[in-house]
Amino acid sequence: MSYDLLLYNIGQLILPKSSEKPLKGKQMQELPIRKNAAIAVKDGKIAWIGNSEESDGVQAKKKVDVKNRVVSPGLVDPHTHLVFGGSRENELALKQAGVPYLEILASGGGILSTVESTRKATQEDLIEKASFHLERMISYGVTTIEAKSGYGLERDTELKQLRVTQRLREKYPIGIISTFLGPHAIPSSYRGKEDIFLTEMVDMLEEIKAEGLAEFADIFCETGVFTIEQSRDFLQKAKEKGLGIKIHADEIDSLGGTELAASLEAASADHLVAASDNGIKALSSSDTVAVLLPGTTFYLGKDTYAQARKMIDEGVAVALATDFNPGSCVTENLQLIMALAGLKLQMTAEEIWNAVTVNAAHAIGQGRVAGTVEVGKQADFVIWNLPNYQYLPYHFGVNHVSSVYCRGNKLWE
Ligand code: NIG
Ligand code: FE
(Lines give C-alpha, C1' and ligand atoms only; values in the text may rest on other atoms or scores of the structure.)
(Ligands and ions follow the chains in the order given, each with its own letter.)
Protein backbone atom coordinates (compact mmCIF):
# COMPACT_ATOMS: atom_id res chain seq x y z
CA MET A 1 0.00 0.00 0.00
CA SER A 2 1.34 3.42 -0.89
CA TYR A 3 -0.11 6.33 1.06
CA ASP A 4 -0.48 9.96 -0.02
CA LEU A 5 1.05 11.40 3.13
CA LEU A 6 2.95 10.16 6.15
CA LEU A 7 3.59 12.17 9.33
CA TYR A 8 6.28 10.60 11.52
CA ASN A 9 8.19 11.50 14.69
CA ILE A 10 5.02 12.82 16.34
CA GLY A 11 6.07 13.54 19.95
CA GLN A 12 2.50 13.54 21.28
CA LEU A 13 -0.50 12.54 19.19
CA ILE A 14 -3.70 13.79 20.86
CA LEU A 15 -6.40 11.16 20.45
CA PRO A 16 -9.72 12.34 21.93
CA LYS A 17 -11.91 9.31 22.54
CA SER A 18 -14.23 8.48 19.74
CA SER A 19 -17.81 8.14 20.79
CA GLU A 20 -21.30 8.13 19.27
CA LYS A 21 -22.22 10.77 21.83
CA PRO A 22 -20.41 13.75 23.34
CA LEU A 23 -18.09 13.08 26.27
CA LYS A 24 -19.95 13.90 29.46
CA GLY A 25 -18.62 15.02 32.82
CA LYS A 26 -15.71 12.89 34.03
CA GLN A 27 -15.24 11.33 30.59
CA MET A 28 -13.87 14.73 29.57
CA GLN A 29 -10.95 14.29 31.95
CA GLU A 30 -9.49 11.51 29.83
CA LEU A 31 -7.31 12.54 26.90
CA PRO A 32 -5.40 9.61 25.42
CA ILE A 33 -1.94 10.59 24.14
CA ARG A 34 0.21 8.39 21.92
CA LYS A 35 3.93 9.11 22.08
CA ASN A 36 6.35 8.72 19.19
CA ALA A 37 3.51 8.14 16.76
CA ALA A 38 2.97 8.24 12.99
CA ILE A 39 -0.12 8.78 10.81
CA ALA A 40 -0.65 7.83 7.17
CA VAL A 41 -3.29 9.39 4.91
CA LYS A 42 -4.95 8.03 1.79
CA ASP A 43 -7.63 9.79 -0.29
CA GLY A 44 -8.18 12.49 2.31
CA LYS A 45 -8.82 10.01 5.12
CA ILE A 46 -6.67 8.70 7.94
CA ALA A 47 -5.61 5.23 6.80
CA TRP A 48 -3.09 4.11 9.41
CA ILE A 49 -1.89 5.12 12.89
CA GLY A 50 1.20 3.47 14.35
CA ASN A 51 4.58 3.88 16.01
CA SER A 52 7.10 6.13 14.38
CA GLU A 53 9.71 3.32 14.14
CA GLU A 54 7.28 1.17 12.18
CA SER A 55 6.84 3.95 9.63
CA ASP A 56 10.36 3.44 8.17
CA GLY A 57 9.06 0.90 5.70
CA VAL A 58 5.83 2.77 4.95
CA GLN A 59 5.55 4.00 1.36
CA ALA A 60 4.13 7.49 0.90
CA LYS A 61 4.20 10.17 -1.78
CA LYS A 62 5.13 12.74 0.85
CA LYS A 63 6.77 12.23 4.23
CA VAL A 64 6.73 14.92 6.93
CA ASP A 65 9.09 14.80 9.95
CA VAL A 66 7.07 16.30 12.81
CA LYS A 67 10.28 16.63 14.86
CA ASN A 68 8.79 15.43 18.10
CA ARG A 69 6.09 18.07 18.22
CA VAL A 70 2.39 17.73 19.09
CA VAL A 71 -0.33 16.72 16.60
CA SER A 72 -4.06 17.09 17.35
CA PRO A 73 -7.27 16.70 15.41
CA GLY A 74 -8.21 19.86 13.48
CA LEU A 75 -9.98 22.14 15.95
CA VAL A 76 -13.74 22.63 15.72
CA ASP A 77 -15.32 26.04 16.43
CA PRO A 78 -19.02 25.26 17.02
CA HIS A 79 -20.40 28.80 17.44
CA THR A 80 -19.48 31.70 15.14
CA HIS A 81 -21.34 34.58 13.52
CA LEU A 82 -18.98 34.53 10.54
CA VAL A 83 -20.95 36.45 7.92
CA PHE A 84 -21.73 40.13 8.57
CA GLY A 85 -21.19 43.61 7.20
CA GLY A 86 -19.38 46.49 8.89
CA SER A 87 -17.81 46.69 12.34
CA ARG A 88 -18.65 48.28 15.70
CA GLU A 89 -15.47 49.79 17.14
CA ASN A 90 -17.64 52.73 18.30
CA GLU A 91 -19.05 50.48 21.04
CA LEU A 92 -15.79 50.46 23.00
CA ALA A 93 -16.41 54.00 24.28
CA LEU A 94 -20.01 53.09 25.20
CA LYS A 95 -18.76 50.05 27.10
CA GLN A 96 -16.17 52.19 28.88
CA ALA A 97 -18.96 54.58 29.86
CA GLY A 98 -20.73 51.62 31.45
CA VAL A 99 -23.59 51.20 28.95
CA PRO A 100 -24.72 47.53 29.16
CA TYR A 101 -24.82 45.30 26.07
CA LEU A 102 -28.63 44.94 26.12
CA GLU A 103 -29.05 48.70 26.47
CA ILE A 104 -26.93 49.36 23.38
CA LEU A 105 -29.19 46.89 21.55
CA ALA A 106 -32.41 48.43 22.93
CA SER A 107 -31.36 51.85 21.64
CA GLY A 108 -30.99 50.51 18.09
CA GLY A 109 -27.23 49.82 18.18
CA GLY A 110 -25.41 46.54 18.75
CA ILE A 111 -26.81 43.70 16.66
CA LEU A 112 -29.19 46.17 14.95
CA SER A 113 -26.29 48.28 13.71
CA THR A 114 -24.66 45.20 12.16
CA VAL A 115 -28.05 44.37 10.62
CA GLU A 116 -28.03 47.73 8.86
CA SER A 117 -24.52 47.17 7.46
CA THR A 118 -25.33 43.60 6.44
CA ARG A 119 -28.48 44.64 4.61
CA LYS A 120 -26.46 47.18 2.62
CA ALA A 121 -23.61 44.80 1.73
CA THR A 122 -23.62 42.82 -1.52
CA GLN A 123 -23.16 39.06 -1.54
CA GLU A 124 -19.66 39.61 -2.96
CA ASP A 125 -18.76 42.07 -0.18
CA LEU A 126 -19.87 39.56 2.42
CA ILE A 127 -17.94 36.70 0.81
CA GLU A 128 -14.77 38.74 0.73
CA LYS A 129 -15.09 39.83 4.33
CA ALA A 130 -16.08 36.40 5.68
CA SER A 131 -13.21 34.78 3.72
CA PHE A 132 -10.75 37.05 5.46
CA HIS A 133 -12.05 36.02 8.89
CA LEU A 134 -12.34 32.37 7.92
CA GLU A 135 -8.74 32.20 6.70
CA ARG A 136 -7.66 33.66 10.01
CA MET A 137 -9.64 30.97 11.87
CA ILE A 138 -7.92 28.28 9.79
CA SER A 139 -4.53 29.83 10.58
CA TYR A 140 -5.31 29.23 14.27
CA GLY A 141 -5.90 25.51 13.67
CA VAL A 142 -9.61 25.30 12.93
CA THR A 143 -10.80 22.88 10.23
CA THR A 144 -14.55 22.76 11.01
CA ILE A 145 -16.79 25.65 12.00
CA GLU A 146 -20.39 26.55 12.48
CA ALA A 147 -21.58 29.84 10.90
CA LYS A 148 -24.82 31.57 11.84
CA SER A 149 -27.01 34.02 9.94
CA GLY A 150 -28.95 36.54 12.04
CA TYR A 151 -27.87 39.94 10.73
CA GLY A 152 -30.70 40.20 8.24
CA LEU A 153 -33.83 39.88 10.38
CA GLU A 154 -35.78 39.84 7.11
CA ARG A 155 -36.14 37.22 4.44
CA ASP A 156 -33.86 38.58 1.73
CA THR A 157 -30.89 39.44 3.89
CA GLU A 158 -31.12 36.23 5.92
CA LEU A 159 -31.12 34.26 2.66
CA LYS A 160 -28.22 36.37 1.39
CA GLN A 161 -26.19 35.47 4.48
CA LEU A 162 -27.04 31.77 4.18
CA ARG A 163 -26.09 31.82 0.49
CA VAL A 164 -22.76 33.41 1.35
CA THR A 165 -22.16 30.52 3.74
CA GLN A 166 -22.99 28.11 0.88
CA ARG A 167 -20.47 29.86 -1.35
CA LEU A 168 -17.83 29.63 1.37
CA ARG A 169 -18.46 25.89 1.56
CA GLU A 170 -17.65 25.63 -2.13
CA LYS A 171 -14.63 27.90 -1.85
CA TYR A 172 -12.91 26.27 1.16
CA PRO A 173 -12.18 22.60 1.71
CA ILE A 174 -13.00 22.80 5.42
CA GLY A 175 -16.22 21.79 7.18
CA ILE A 176 -18.76 24.63 7.42
CA ILE A 177 -22.05 23.93 9.18
CA SER A 178 -24.75 26.52 8.59
CA THR A 179 -27.25 27.76 11.19
CA PHE A 180 -30.32 29.93 10.56
CA LEU A 181 -30.51 32.50 13.37
CA GLY A 182 -33.33 34.63 11.93
CA PRO A 183 -34.67 35.43 15.44
CA HIS A 184 -31.44 37.06 16.63
CA ALA A 185 -33.03 40.39 17.63
CA ILE A 186 -36.29 42.22 17.20
CA PRO A 187 -36.13 44.64 14.25
CA SER A 188 -37.09 48.15 15.42
CA SER A 189 -40.12 48.20 13.12
CA TYR A 190 -41.48 45.03 14.80
CA ARG A 191 -41.34 46.23 18.46
CA GLY A 192 -44.60 45.13 20.04
CA LYS A 193 -45.27 42.87 17.04
CA GLU A 194 -42.71 40.19 17.91
CA ASP A 195 -45.09 37.34 17.10
CA ILE A 196 -45.60 38.65 13.56
CA PHE A 197 -41.82 38.78 13.13
CA LEU A 198 -41.46 35.24 14.46
CA THR A 199 -44.14 33.99 12.07
CA GLU A 200 -42.10 35.44 9.18
CA MET A 201 -39.02 33.62 10.45
CA VAL A 202 -40.98 30.36 10.88
CA ASP A 203 -42.26 30.74 7.32
CA MET A 204 -38.66 30.61 6.05
CA LEU A 205 -37.85 27.27 7.69
CA GLU A 206 -39.27 25.02 5.02
CA GLU A 207 -37.44 26.73 2.18
CA ILE A 208 -34.17 26.79 4.14
CA LYS A 209 -34.43 23.06 4.80
CA ALA A 210 -35.49 22.22 1.25
CA GLU A 211 -32.63 24.19 -0.30
CA GLY A 212 -30.08 22.79 2.17
CA LEU A 213 -29.22 26.32 3.28
CA ALA A 214 -28.84 25.39 6.95
CA GLU A 215 -28.49 22.32 9.14
CA PHE A 216 -29.58 24.07 12.36
CA ALA A 217 -31.94 26.78 13.60
CA ASP A 218 -31.11 29.01 16.57
CA ILE A 219 -32.78 31.82 18.57
CA PHE A 220 -31.54 34.47 21.04
CA CYS A 221 -33.61 33.79 24.18
CA GLU A 222 -32.93 36.75 26.48
CA THR A 223 -34.57 39.62 28.37
CA GLY A 224 -35.76 42.17 25.83
CA VAL A 225 -35.21 39.75 22.95
CA PHE A 226 -37.22 36.47 22.73
CA THR A 227 -39.05 34.83 25.63
CA ILE A 228 -38.93 31.18 26.65
CA GLU A 229 -42.39 30.58 25.12
CA GLN A 230 -41.43 32.23 21.83
CA SER A 231 -38.17 30.28 21.76
CA ARG A 232 -39.91 26.96 22.47
CA ASP A 233 -42.42 27.59 19.71
CA PHE A 234 -39.80 28.59 17.12
CA LEU A 235 -37.45 25.71 17.95
CA GLN A 236 -40.26 23.14 17.97
CA LYS A 237 -41.32 24.29 14.52
CA ALA A 238 -37.73 24.16 13.26
CA LYS A 239 -37.45 20.63 14.60
CA GLU A 240 -40.69 19.60 12.90
CA LYS A 241 -39.22 20.82 9.61
CA GLY A 242 -36.22 18.54 10.13
CA LEU A 243 -33.62 21.10 11.23
CA GLY A 244 -31.32 20.51 14.18
CA ILE A 245 -31.76 23.06 16.98
CA LYS A 246 -29.55 25.29 19.13
CA ILE A 247 -30.25 28.19 21.46
CA HIS A 248 -28.48 31.29 22.78
CA ALA A 249 -29.57 30.64 26.36
CA ASP A 250 -29.21 32.22 29.80
CA GLU A 251 -26.38 34.49 28.68
CA ILE A 252 -27.26 37.55 30.76
CA ASP A 253 -30.43 36.67 32.69
CA SER A 254 -31.51 33.28 33.95
CA LEU A 255 -34.69 32.72 31.92
CA GLY A 256 -34.58 28.92 31.74
CA GLY A 257 -33.26 28.50 28.20
CA THR A 258 -30.89 25.83 29.49
CA GLU A 259 -33.80 23.67 30.71
CA LEU A 260 -35.65 24.37 27.46
CA ALA A 261 -32.68 23.14 25.38
CA ALA A 262 -32.48 19.89 27.35
CA SER A 263 -36.24 19.29 27.14
CA LEU A 264 -36.23 19.81 23.35
CA GLU A 265 -33.10 17.62 22.97
CA ALA A 266 -31.26 20.47 21.27
CA ALA A 267 -27.80 19.69 19.87
CA SER A 268 -26.42 22.49 22.01
CA ALA A 269 -27.26 25.24 24.49
CA ASP A 270 -24.83 28.13 24.17
CA HIS A 271 -23.51 30.82 26.59
CA LEU A 272 -25.15 29.56 29.86
CA VAL A 273 -23.41 32.11 32.09
CA ALA A 274 -26.62 32.49 34.11
CA ALA A 275 -27.76 28.85 33.87
CA SER A 276 -29.60 27.75 37.02
CA ASP A 277 -28.80 24.66 39.10
CA ASN A 278 -31.89 23.03 37.63
CA GLY A 279 -30.72 23.89 34.14
CA ILE A 280 -27.36 22.26 34.79
CA LYS A 281 -29.11 19.18 36.19
CA ALA A 282 -31.35 19.01 33.12
CA LEU A 283 -28.32 19.20 30.81
CA SER A 284 -26.51 16.45 32.68
CA SER A 285 -29.34 14.02 32.00
CA SER A 286 -29.46 14.96 28.30
CA ASP A 287 -27.06 14.74 25.35
CA THR A 288 -27.30 18.48 24.72
CA VAL A 289 -23.81 19.98 24.62
CA ALA A 290 -23.14 23.10 26.71
CA VAL A 291 -21.20 25.37 24.34
CA LEU A 292 -19.34 27.82 26.59
CA LEU A 293 -18.04 31.12 25.25
CA PRO A 294 -15.62 32.62 27.79
CA GLY A 295 -14.29 35.06 25.17
CA THR A 296 -17.68 36.77 25.20
CA THR A 297 -17.77 37.14 28.99
CA PHE A 298 -14.25 38.53 28.84
CA TYR A 299 -15.04 40.90 25.98
CA LEU A 300 -18.23 42.17 27.65
CA GLY A 301 -16.06 43.03 30.65
CA LYS A 302 -17.89 40.78 33.09
CA ASP A 303 -16.44 39.00 36.09
CA THR A 304 -18.87 36.10 36.29
CA TYR A 305 -18.17 33.24 33.89
CA ALA A 306 -20.23 30.13 33.06
CA GLN A 307 -19.93 27.47 35.75
CA ALA A 308 -17.91 25.02 33.70
CA ARG A 309 -16.48 23.24 36.74
CA LYS A 310 -19.90 22.57 38.23
CA MET A 311 -21.23 21.50 34.83
CA ILE A 312 -18.44 18.99 34.23
CA ASP A 313 -18.52 17.72 37.82
CA GLU A 314 -22.27 17.14 37.47
CA GLY A 315 -21.93 15.21 34.21
CA VAL A 316 -22.60 17.79 31.48
CA ALA A 317 -20.90 17.57 28.05
CA VAL A 318 -19.02 20.85 27.56
CA ALA A 319 -17.60 22.35 24.35
CA LEU A 320 -15.85 25.68 23.77
CA ALA A 321 -16.24 28.17 20.92
CA THR A 322 -15.14 31.67 19.95
CA ASP A 323 -18.64 33.15 19.35
CA PHE A 324 -16.73 35.25 16.78
CA ASN A 325 -18.99 38.23 15.97
CA PRO A 326 -18.63 42.01 15.51
CA GLY A 327 -20.09 42.96 18.90
CA SER A 328 -19.70 40.68 21.89
CA CYS A 329 -16.53 38.75 20.93
CA VAL A 330 -14.30 40.03 18.17
CA THR A 331 -11.70 37.30 17.81
CA GLU A 332 -11.14 34.41 15.41
CA ASN A 333 -8.60 32.87 17.80
CA LEU A 334 -9.88 29.63 19.35
CA GLN A 335 -6.52 29.16 21.10
CA LEU A 336 -7.19 32.33 23.09
CA ILE A 337 -10.53 30.82 24.16
CA MET A 338 -8.66 27.68 25.27
CA ALA A 339 -6.44 29.85 27.48
CA LEU A 340 -9.48 31.65 28.94
CA ALA A 341 -11.08 28.28 29.66
CA GLY A 342 -8.04 27.37 31.74
CA LEU A 343 -7.88 30.70 33.56
CA LYS A 344 -11.53 31.66 33.93
CA LEU A 345 -13.48 28.39 33.68
CA GLN A 346 -11.02 26.30 35.75
CA MET A 347 -11.01 23.63 33.06
CA THR A 348 -8.04 21.24 32.87
CA ALA A 349 -5.90 20.95 29.74
CA GLU A 350 -7.46 17.53 29.02
CA GLU A 351 -11.01 18.93 29.29
CA ILE A 352 -10.10 21.90 27.13
CA TRP A 353 -8.76 19.76 24.27
CA ASN A 354 -11.85 17.52 24.39
CA ALA A 355 -14.02 20.66 24.38
CA VAL A 356 -12.55 22.02 21.11
CA THR A 357 -12.39 18.68 19.30
CA VAL A 358 -14.74 15.76 19.93
CA ASN A 359 -17.40 17.64 21.94
CA ALA A 360 -17.34 20.66 19.65
CA ALA A 361 -17.93 18.31 16.70
CA HIS A 362 -20.93 16.73 18.47
CA ALA A 363 -22.35 20.20 19.22
CA ILE A 364 -22.78 20.72 15.46
CA GLY A 365 -23.70 17.17 14.47
CA GLN A 366 -20.24 16.33 13.14
CA GLY A 367 -19.22 13.71 15.71
CA ARG A 368 -18.88 11.05 13.02
CA VAL A 369 -16.64 13.02 10.68
CA ALA A 370 -14.59 15.47 12.71
CA GLY A 371 -13.06 16.01 16.14
CA THR A 372 -10.91 12.88 16.51
CA VAL A 373 -7.91 11.30 14.80
CA GLU A 374 -8.88 7.76 13.90
CA VAL A 375 -8.65 5.44 10.94
CA GLY A 376 -11.45 6.12 8.46
CA LYS A 377 -12.05 9.71 9.56
CA GLN A 378 -11.28 12.86 7.59
CA ALA A 379 -7.55 13.60 7.70
CA ASP A 380 -7.96 16.94 9.50
CA PHE A 381 -5.12 17.70 11.86
CA VAL A 382 -2.81 20.35 13.20
CA ILE A 383 0.95 20.17 13.78
CA TRP A 384 1.67 22.39 16.77
CA ASN A 385 4.81 24.21 17.85
CA LEU A 386 4.24 22.89 21.35
CA PRO A 387 6.49 20.78 23.59
CA ASN A 388 3.41 19.03 25.03
CA TYR A 389 -0.38 19.40 24.96
CA GLN A 390 -0.57 21.09 28.40
CA TYR A 391 1.49 23.98 27.04
CA LEU A 392 -1.24 25.47 24.82
CA PRO A 393 -3.62 26.98 27.41
CA TYR A 394 -0.59 28.09 29.42
CA HIS A 395 1.11 30.31 26.82
CA PHE A 396 -1.65 32.66 25.69
CA GLY A 397 -2.27 35.28 23.02
CA VAL A 398 0.00 33.85 20.31
CA ASN A 399 -0.50 31.38 17.50
CA HIS A 400 1.08 27.99 18.26
CA VAL A 401 0.19 26.43 14.89
CA SER A 402 2.99 25.07 12.72
CA SER A 403 0.70 23.74 9.95
CA VAL A 404 -2.93 22.85 9.33
CA TYR A 405 -4.07 19.88 7.23
CA CYS A 406 -7.58 19.38 6.01
CA ARG A 407 -8.68 16.16 4.22
CA GLY A 408 -5.00 15.35 3.91
CA ASN A 409 -4.01 18.62 2.19
CA LYS A 410 -1.87 21.28 3.81
CA LEU A 411 -4.08 24.36 4.13
CA TRP A 412 -1.85 26.67 6.10
CA GLU A 413 1.67 26.94 7.55
O1 NIG B 1 -23.67 35.26 20.73
N2 NIG B 1 -25.92 37.11 22.13
C3 NIG B 1 -26.31 37.31 20.98
N4 NIG B 1 -25.63 37.21 19.85
C5 NIG B 1 -24.23 37.28 19.74
C6 NIG B 1 -23.73 38.67 19.67
C7 NIG B 1 -24.02 39.32 18.39
C8 NIG B 1 -23.59 40.75 18.28
O9 NIG B 1 -23.39 41.46 19.29
O10 NIG B 1 -23.45 41.15 17.12
C11 NIG B 1 -23.56 36.47 20.82
O12 NIG B 1 -22.93 36.99 21.73
FE1 FE C 1 -23.50 33.91 19.47
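Every chain is numbered independently, its residues counted from 1 as its sequence is written. Starting at A for chains and at 1 for ligands, labels are handed out in the order in which the entities are written. For a predicted model such as this one, the threshold for reporting local features is a pLDDT of at least 70, and the threshold for listing and counting side-chain atom pairs is 80 or more; totals across whole chains, interfaces and linings nevertheless cover every residue.

Under an unreviewed UniProt entry, the name given to the protein is Imidazolonepropionase, and the organism recorded is Mesobacillus persicus. Per UniProt, the protein carries the Subcellular location (unreviewed entry) text "Cytoplasm". UniProt positions are given in the numbering used here, feature names are shortened, and annotations may be inferred rather than shown by experiment. Heading Function (unreviewed entry) of the UniProt record for the protein holds this comment: "Catalyzes the hydrolytic cleavage of the carbon-nitrogen bond in imidazolone-5-propanoate to yield N-formimidoyl-L-glutamate. It is the third step in the universal histidine degradation pathway."

**Q** What exactly am I supposed to notice about the overall build of the protein here?
**A** A run of DSSP states H or I qualifies as a helix once it reaches four residues; a run of E qualifies as a strand once it reaches two. Both are numbered from the N-terminal end. In terms of regular secondary structure, the protein is built from 14 helices and 16 strands. We compute the radius of gyration from the C-alpha atoms alone; for a globule the expected value is 2.2 Å times N to the 0.38, where N is the number of residues. At 21 Å, the protein has a C-alpha radius of gyration in line with the 22 Å of a compact globule built from 413 residues. Oriented by its inertia axes, the alpha-carbon framework of the protein measures out at about 70 × 45 × 45 Å. Neighbour counting defines burial: a residue surrounded by 20 or more other C-beta atoms within 10 Å of its own C-beta is buried, one with 12 or fewer is exposed, and intermediate counts give partly exposed, using backbone-placed C-beta atoms. Classification of the 413 residues of the protein by burial places 55% in the buried group. Counting only contacts in the protein whose residues sit at least 6 apart along the sequence, the fraction spanning at least 24 positions is 73%. Note that contacts rest on C-beta atoms placed from the backbone: two residues are in contact if these are within 7 Å.

**Q** Looking at this structure, I do not really get the pairing of strand β2 (residues 33-42). What am I missing?
**A** When DSSP locates at least two bridges between a pair of strands, those strands are taken to pair. Two elements, strand β1 (residues 2-14) and β2, share 7 bridges in a ladder whose sense is antiparallel. Bridge pairing in β2 links L13 to R34. Where β2 lies against strand β3 (residues 45-51), 6 bridges are found, and the strand directions are antiparallel. If you follow A40 over to β3, its bridge partner there is W48. Adjacent in sequence and paired antiparallel, β2 and β3 are bridged by 2 residues, among which D43 carries a positive phi angle near 50°.

**Q** What is the right way to look at the packing of helix α4 (residues 123-139) against helix α5 (residues 155-171) in this model?
**A** For any two helices packed against each other, the geometry is given by the interaxial angle and the distance between the axes. Axis angles are defined between N-to-C directions and span 0 to 180 degrees, where every axis is a line fitted to C-alpha atoms and, for a helix, only to the segment in contact. Running from amino to carboxyl end, α4 crosses α5 at an angle of 55°, the nearest separation of the two axes being 10 Å. Of the possible angle classes, the one that applies to α4 and α5 is oblique. The way α4 lies across α5 gives a crossing that is right-handed. Along its contact with α4, which presents Q123, L126, I127, A130, S131 and L134, the element α5 presents K160, Q161, R163, V164, R167, L168 and K171. All amino acids are sorted into three groups, where Ala, Val, Leu, Ile, Met, Phe, Trp, Tyr, Cys and Pro are nonpolar, Asp, Glu, Lys and Arg are charged, and the leftover types, Gly among them, are polar. When grouped by side-chain class, the residues that make up the contact of α4 with α5 number 6 nonpolar, 3 polar and 4 charged. By definition in this entry, angles of less than 35 degrees are roughly parallel, angles greater than 145 are roughly antiparallel, angles of 65 to 115 are roughly perpendicular, and the rest are oblique. In this scheme, a crossing is called left-handed if the near helix is turned counterclockwise away from the far one by less than a right angle; it is called right-handed if the turn is clockwise.

**Q** Hey, could you run me through the sheet that holds strand β12 (residues 289-292) in this one?
**A** Backbone hydrogen bonds hold the strands of a sheet together, and the pairing may be parallel or antiparallel. Pairing within the open sheet is parallel, and its 8 strands lie in the order β6-β7-β8-β9-β10-β11-β12-β13. Only two strands of the sheet have a single neighbouring strand rather than two, namely β6 (75-77) and β13 (317-320). Here 2 bridges tie strand β8 (residues 175-180) to strand β9 (residues 216-217), and the two strands are oriented parallel to one another. Bridge pairing in β9 links T179 to F216.

**Q** I keep staring at the UniProt feature "binding site: Fe(3+)" (unreviewed entry) in the protein and nothing clicks. Help me out?
**A** The UniProt record marks H79, H81, H248 and D323 with the feature "binding site: Fe(3+)" (unreviewed entry), using the residue numbering of this structure. Judged by maximum C-alpha separation, these annotated positions cover 245 residues in sequence but sit close together in space, the widest gap being only 12.1 Å. With respect to the helices and strands, H81 occurs in the loop between β6 and α1 (91-96). Under the C-beta neighbour-count criterion, H81 is labelled buried, with 26 such atoms within 10 Å. Other than its neighbours up to four places away in sequence, H81 contacts K148, G150, F324 and N325. Its place among the elements puts H248 in strand β10 (residues 244-249).

**Q** Hey, could you run me through the packing of helix α6 (residues 194-210) against helix α7 (residues 228-240) in this one?
**A** Contact geometry for α6 and α7: axes closest at 10 Å, N-to-C directions at 15°. Compared by their axis directions, α6 and α7 come out roughly parallel. The hand of the α6/α7 crossing is right-handed. Contacts from E194, L198, M201, V202 and L205 of α6 reach α7 at Q230, F234, K237 and A238. Here the residues of the contact of α6 with α7 sort into 6 nonpolar, 1 polar and 2 charged.

**Q** Looking at this model, I keep getting lost on the nonpolar core. Mind explaining?
**A** Inside soluble globular proteins, nonpolar side chains tend to come together where they are buried. Connectivity within a nonpolar core runs through C-beta atoms within 7 Å, and the core itself is a set of buried Ala, Val, Leu, Ile, Met, Phe, Trp, Tyr and Cys residues. In this structure, V71, A290, L292, V318, L320 and V356 are the most contacted members of the largest nonpolar core, which totals 139 residues. Sort the elements by how many residues they give to this core and β1 lands first, with 8 residues. What A290 contacts, discounting residues up to four positions off in sequence, is A269, L272, L283, M311, V316, A317 and V318.

**Q** Looking at this structure, how should I read the site of ligand 1?
**A** Placing a C-beta atom from the backbone of each residue, we mark the residue near a molecule or strand if the atom is within 6 Å of it. Close to ligand 1 lie 13 residues; I111, D323, N325, G327 and S328 are nearest. When the residues that make up the shell around ligand 1 are grouped by side-chain class, the tally is 3 nonpolar, 8 polar and 2 charged.

**Q** Please explain the confidence of the model for the protein as it appears in this structure.
**A** Each residue gets a pLDDT score, which is the predictor's confidence in that residue and runs from 0 to 100. Residue-level pLDDT values for the protein average 97, and 100% of them are 70 or greater. Scoring of the predicted complex yields 0.98 for pTM and 0.97 for ipTM.

**Q** Got a minute to help me understand the environment of E194 in this structure?
**A** Mapping E194 onto the fold places it in helix α6. Assessed through the 16 C-beta atoms surrounding it within 10 Å, E194 is described here as partly exposed. Filtering out sequence-adjacent residues up to four positions away, E194 remains in contact with I186 and Q230.

**Q** Can you walk me through unusual backbone geometry in this structure?
**A** One can expect most non-glycine residues to show negative phi and most peptide bonds to be in trans. Backbone geometry places N36, a non-glycine residue, at a positive phi of 50°. Looking at the element boundaries, N36 is found in strand β2. You will see that H271, though not glycine, has its phi angle at about 90°, which is positive. Here H271 shows up in strand β11 (residues 268-271).

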